[in-house]
Amino acid sequence: MKNNIYLIGFMGCGKTTIGQQIAIQQGKKFYDLDRQVVKSEGKSIKYLFETYGETYFRKVETNILLETKHYKQVIIATGGGVVECEENREFLKNQFVIYLDLPFELVYQRVKNDDSRPLAISKDKLYERYVKRQNLYEEVSAYKILCEGHTPYRLSKLILDQIK
Ligand code: S3P
């Protein structure tokens, strides 16, 4: 396997679920950046956004992302906004990155009632971010996987076949 595999894509595209599947199939460790942010801060993502703001959250997210350069052979699920920061993009350009792409309507159906995602409140604002990020995801990734209509298990198999 390549060194670490980074999964990127908009919130709700399945990065965590698919990443866990890949890790199981490869017998590798799985690492979730959002989970690590929560662990290191001792606060939920919602709390961090509401109390300290998005800029603060992004700084923590960057620190946690850059730490992964010390890891070997780990499957890493990023947060959907990881590409917003240029420093993160520069880092990711030197990693092995897979973009999980899902149409906006499906994303929206998956996240609209999820209270833990602070940015999933207004559909219009969410769509703006979705559009803005598409090029950024493309810019840093080696592969784009179209996720619509596939189970996480099938997607993990597709990804592993692609990168063999
Ligand atoms: C965010 C996505 C979330 C989380 C935070 C911000 C974003 O991760 O990092 O709520 O800006 O798109 P998921 O993509 O895992 O939902």
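Draft legend 1. Broad picture of the site of the ligand. Taken together, 14 residues surround the ligand, and among them K15, D34, R58, R117 and R133 come closest. Residue D34 places a side-chain N or O atom 2.6 Å away from an oxygen atom belonging to the ligand. The contact in question runs from an oxygen atom of the ligand to an N or O atom on the side chain of R117, over 2.7 Å. Across the complex, the protein chains shield 96% of the 380 Å² of accessible surface that the ligand would expose by itself. Within the residue set of the shell around the ligand, elements represented by two or more residues are α3 (45-52) and α4 (54-67). Residue composition of the shell around the ligand, by class: six nonpolar, three polar and five charged.

Draft legend 2. Geometry of the sheet that holds strand β5 (residues 143-146). Taken together, five strands build an open sheet; the order of strands is β2-β3-β1-β4-β5 and the sheet is parallel. The strands lining the two open edges of the sheet, one partner per strand, are β2 (29-32) and β5. Averaged over neighbouring strand pairs, the angle between their axes works out to 25° when direction is ignored. With three bridges connecting them, strand β1 (residues 5-8) and strand β3 (residues 74-77) associate as parallel partners.

Cut-offs applied
Sequence order as written defines residue numbering, which begins from 1 separately in each chain. Local features in this predicted model are restricted to residues whose pLDDT is 70 or higher, and side-chain atom pairs enter the listing and the counts only when it is 80 or higher, whereas totals over whole chains, interfaces and linings include all residues. Excluding hydrogens and water, the side-chain figures rest on all heavy atoms present in the structure. The nearness test applies per residue and asks whether one of its heavy atoms lies within 4 Å of the molecule or strand. Nitrogen and oxygen atoms within 3.5 Å of one another constitute a polar contact, given that in protein one can donate a hydrogen and the other can accept it, and given that sequence-neighbouring residues count only through two side-chain atoms. For the accessible areas, the method is Shrake-Rupley and the probe is 1.4 Å, while residue cover comes only from the protein chains on display. Numbering of helices and strands runs from the N terminus; a helix is a DSSP stretch of H or I covering at least four residues, while a strand is a stretch of E covering at least two. Under the grouping applied here, Gly and all other residues not named as nonpolar or charged are polar, the nonpolar ones being Ala, Val, Leu, Ile, Met, Phe, Trp, Tyr, Cys and Pro and the charged ones Asp, Glu, Lys and Arg. Should DSSP find at least two bridges between two strands, the strands are regarded as paired. Whenever a helix is involved, its axis is fitted only over the stretch in contact; in every case the axis is a line through C-alpha atoms, and angles between N-to-C directions fall within 0 to 180 degrees.

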